[in-house]
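What follows is the residue order along each chain.
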2 protein chains.
Amino acid sequence: MSAQESYNELTRICREVALIYSSYAVLSWDQHTYMPPAGISFRAEQLGMLSSTGHKKFTDPKVGDLLSNLEQSDLAKGDTPESANIRELRHAYDKQTKLPTELVEEITKTTSMAHEAWAKARKESDFSQFEPWLAKVINLMQQKADAYGFEGERYNALLDDYETGATVTDVENVFASLRDELVTLLQKIKDAPKQPDKSIVERPYDVKLQEIFGKSVALAMGFDFDSGRLDITTHPFCTGIGIGDTRILTRYNPNRLNDALFGTMHEAGHGLYEMGLPKDKYFGLPMSQSISLGIHESQSRMWENQVGRSKPFWEYFFPQAQRLFRDSLGSVTLDEFYGAINDVRPSYIRVEADEATYNLHILLRFEMERALLNGDLKPADVPGEWNSRFKKYFGIEVDKDSNGCLQDVHWSAGLVGYFPTYTLGNLYSAQFFNQADKELDDLEGQFRRGEYLGLREWLREKIHQHGQRYRANDLCKRITGSGLDHKPLVTYMNKKYGDIYGF
Amino acid sequence: MSAQESYNELTRICREVALIYSSYAVLSWDQHTYMPPAGISFRAEQLGMLSSTGHKKFTDPKVGDLLSNLEQSDLAKGDTPESANIRELRHAYDKQTKLPTELVEEITKTTSMAHEAWAKARKESDFSQFEPWLAKVINLMQQKADAYGFEGERYNALLDDYETGATVTDVENVFASLRDELVTLLQKIKDAPKQPDKSIVERPYDVKLQEIFGKSVALAMGFDFDSGRLDITTHPFCTGIGIGDTRILTRYNPNRLNDALFGTMHEAGHGLYEMGLPKDKYFGLPMSQSISLGIHESQSRMWENQVGRSKPFWEYFFPQAQRLFRDSLGSVTLDEFYGAINDVRPSYIRVEADEATYNLHILLRFEMERALLNGDLKPADVPGEWNSRFKKYFGIEVDKDSNGCLQDVHWSAGLVGYFPTYTLGNLYSAQFFNQADKELDDLEGQFRRGEYLGLREWLREKIHQHGQRYRANDLCKRITGSGLDHKPLVTYMNKKYGDIYGF
């Protein structure tokens, strides 16, 4: 078989695998939107079947053989789409074949029970119920890292699942610098002379009108409703099902504007990435897939924050919002509104955090899960350690574990190494936006005129169209001239909050 | 491997196959409801992948070997769920393995092009464009029948795809008698002294209110919205996705009540059958599946016609309808309304036909497709033959082929042998309802009081819970004491229309 024939055969298999996983995505979307309640157990069985069918197809030794042949060929050389596909398929194949079936089953079984224990522990704010399960999960995660193999510390092996190629070494200094800057920023905000009136966005906002507004914004961003949808769900997400089919989901709070508005922009940002990936050409191959959770999050966060929480954006959209929500916004000024959507204050719960404190929540989790995995922190000591760090970073005392170390689902679900991608997304978004602002003509002016396609095209050209051709840090270097860096985000925040809070 | 072990292994494989097909069902439902328009080609590829994955899994020689082992064992003996599963799996396995791959591909390719040619021919009412494609399809259907093998005539092999075990010999006399009775009935109706005012149901009916009414009726019928849904689509259907998940779809006409109302009852009738099948116990096996299209249709037609177009039903629901649709029904009497929903008149289009003329449309198609397959009718002669039969049965001249032999999608799609199942459904529904009426206490009284669960329970006990344990004709004998029979339907119609039309 010639190299080209091997490549074609590999492409065919990967497309089949991806068709199965894309069917999984439809069923999963359906589960979170329209599935009748009684269908839940059956749905789990369907998803399990699709997942194991896809896994079996992809981990077939034939795939490994094809890859080995190709790695010896010219197709694996140089900076080409083909070589990127071979490189990333090898990476995925090795990871998927390295875990012993018994370990995978053990993880599935344990996390399923750990999740139940966690839910009960959180409800009763009683860490002791979760502690033994956390210990088991951490132990399994250590085994998982060992099965994968790693350089440096175990955490690298897990982080790679969500952020291919990233290592602790790459991120720890950036994260630590960011943390220190944020603690300082928070103190400045706390002491600032001006304080926004947050209550403006906590008034009645008709849900039907919120939906119209959210869709208008998504449309202006360039979200293509001919090949996409916006639906309602409990935990918003975006799913790129396949060619011509990208779906985003949001939720509406009748008494708060932010949830659905910024939630929709966030998911639409993910959606634009999915829509911009070259799926027509490469569906099933890494070249049609997003790079990492961090890069995905950089897209959603940029649209949510750098665009959606910017003053120029609202210079265009605020008059429309005022006409729609006359009772709540009729007598509010643009500056008051801009302040209200950018209100910052320390709070216990990550998912409700504002743009400035959000990363502190993440950094705390990153530091703790890394210590847990390395054995430097014992599961029993988690609440104490959490609370003392929280006090140091946020300046407030955690009142109970359900507002502290029990709030997140991730550890109980075996998602160790996932948290950092949120902050990576925020860092990259600031770096990319900074660069776009340099390269595009009067970006603020465009926003003021309601023009967002310029930014979308820039993102398409620089990021979306490349699929997994480059890994996150390399892509960042290609685009901005430097790798991961905390300064653009810090500069952006200091300027923005300085204006709003008057420091 | 013991017989029981073989049986367990076969059960396991069949469940996997069914999980794949049930995923197909979710994607297909999604395609007809919420999928973004641009996703259509990709969806076809997903469905093709799921379908070939399921087919490959089921036609694995291992399944044939397991069946052969089981057929030698005690599990295949007697009237038990196990023996029924073995019998019907063998039947399905043989059919699915008998068609050569090339023939299947040729059918797929040809019908895809034939469908396009048909759509254009119908639009332009020009049979000559479709004729060569009809010839090709009929030729392929003959090859298909030959590949299956058959006793008697080829048509039997195709009919069996939709109505397992049914043969032309079983149905031809019943169908011919029914046809003659219907022609006589139509003449009586035409000459009748009283004629209902059909315009009553052709007034404005608010779509939102139609939806509320349709859901109320489905709920009263026992359709379980905790494990089911009602959505909107272009061509209404019902899909039994799996355990706890049955979905029905309807469409609303703002200027006619019948479409959505009887459409919803029809699909809810299918839905009750799906909900009543013992899927919890036998999912994936024939014991959890419907017997045939004819039996499925008997359920939908019973709820639509014997229940939904009955006077006692409206004695309960008409006052509610009047309150909902005050402008259109406020000054209408129950008798006038009852007449309007039962208006009968010859018309060209099958899918718009009333209860009485509907079967004549089917019988004409059955006779013609049988003659085409046997070579007694040439494709070129289809329009002439259609029109002359139509004149004989309906008493009116077909004005153009788009109102005649070009109206239905079936032949272009290779669905030859499908049409009879509609009339089988109507015949069985009358036979079953007749029996239910004998066995249940004051069924009319129950309807008058808005009680429909008695009938649903009877259908569950007699039909739904048995899955494919018995074939259609045998089931009918077990329940009513006789096989397929035209008399109950004829008696029912003569009585009903005699009352309404005064003959």
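Bear in mind the structure is a predicted one, so any value in this text is a computation, not a measurement.

A separate point is the overall build of chain A. Within chain A, the regular secondary structure consists of 22 helices and 3 strands. For chain A, the C-alpha radius of gyration of 23 Å lies close to 23 Å, the compact-globule estimate for 503 residues. The dimensions of chain A, computed from C-alpha atoms along their principal axes, are 70 × 50 × 50 Å. Counting only residues that meet the buried cut, chain A has 58% of its 503 residues in that class. Carbon and sulfur atoms form 49% of the exposed surface of chain A, whose accessible area is close to 20,300 Å². Computing the positive centroid from 59 side-chain charges and the negative centroid from 73, chain A places the two 2 Å apart.

The subject of this paragraph is the domain arrangement of chain A. All names here are of chain A. Domain boundaries assigned for chain A yield domain 1 (3–98) and domain 2 (198–337 + 424–501). Taking the mean C-alpha position of each, domain 1 and domain 2 sit 29 Å from one another. Contacts between the two partners involve 22 residues from domain 1 and, on the opposite side, 21 residues from domain 2. Surface buried jointly by domain 1 and domain 2 totals about 1,900 Å² across both partners, of which 57% is contributed by carbon and sulfur atoms. By the criterion of area lost to domain 2, the three top residues of domain 1 are Arg 15, Trp 29 and Asn 85, representing 28% of everything that side buries. Where domain 1 packs against domain 2, one counts 2 salt bridges. When the shortest N-O distance is used, the salt bridge between Glu 88 and Arg 471 registers 2.8 Å. Among the elements that take part in the side of domain 1 that touches domain 2, helix 1 (residues 3–31) stands out by supplying 10 residues, more than any other. Of the residues belonging to the side of domain 1 that touches domain 2, the class tally is 11 nonpolar, 7 polar and 4 charged.

Further remarks concern the sheet that holds strand 3 (residues 245–250) of chain B. Paired through backbone hydrogen bonds, the strands of a sheet run either parallel or antiparallel to each other. Spatially, 1-3-2 (chain B) is the arrangement adopted by the 3 strands of the open sheet, whose pairing is mixed. Looking at strand neighbours, the two that pair on one side only are strand 1 (228–232) and strand 2 (238–242) of chain B, the edges of this open sheet. Averaged over all adjacent pairs, the angle separating strand axes in this sheet is 20°, with direction ignored. In this fold helix 2 (residues 40–58) of chain A packs onto strand 2 and strand 3 of chain B, with an angle of close to 75° to the strand it touches most, strand 2 of chain B. Here helix 1 (residues 3–31) of chain B sits on the sheet in contact with strand 1, strand 2 and strand 3 of chain B, set at roughly 140° to strand 2 of chain B.

Let us now look at the packing of helix 1 of chain B against helix 3 (residues 61–71) of chain B. Residue and element names in this part refer to chain B. The N-to-C vectors of helix 1 and helix 3 enclose an angle of 145°; their axes lie 9 Å apart at closest approach. The handedness of the crossing between helix 1 and helix 3 is left-handed. Counting all contacts with helix 1, which are made through Ala 3, Ser 6, Tyr 7, Glu 9, Leu 10, Arg 12 and Ile 13, the residues of helix 3 involved are Lys 62, Val 63, Leu 66, Leu 67, Asn 69 and Leu 70. A class-by-class count of the residues in the contact of helix 1 with helix 3 yields 8 nonpolar, 2 polar and 3 charged.

Scoring rules and cut-offs
Residues numbered from 1 in each chain as written. Chains lettered and ligands numbered in written order. Predicted model: local features only at pLDDT ≥ 70, side-chain atom pairs only at ≥ 80, totals over all residues. Heavy atoms only, no water. Helix = DSSP H or I, 4+ residues; strand = E, 2+ residues; numbered from the N terminus. Rg over C-alpha atoms; globule rule 2.2 N^0.38 Å. Buried < 20%, exposed > 50% of the residue type's maximum accessible area, 1.4 Å probe, protein only. Areas by Shrake-Rupley, 256 points an atom, 1.4 Å probe, with all protein chains shown as cover. Lys, Arg positive; Asp, Glu negative; His and termini not counted. Charge placed at Lys NZ, Arg CZ, Asp CG, Glu CD. Domains from an automatic or database assignment. Contact = heavy atoms within 4.5 Å. Buried area = accessible area lost by both parts, 1.4 Å probe. Salt bridge = Lys/Arg side-chain N within 4 Å of Asp/Glu carboxyl O. Nonpolar A, V, L, I, M, F, W, Y, C, P; charged D, E, K, R; others polar. Pairing = 2+ DSSP bridges. Axes fitted to C-alpha atoms, helices over the stretch in contact; angles between N-to-C directions. Left-handed = near helix turned anticlockwise from the far one by under 90°.

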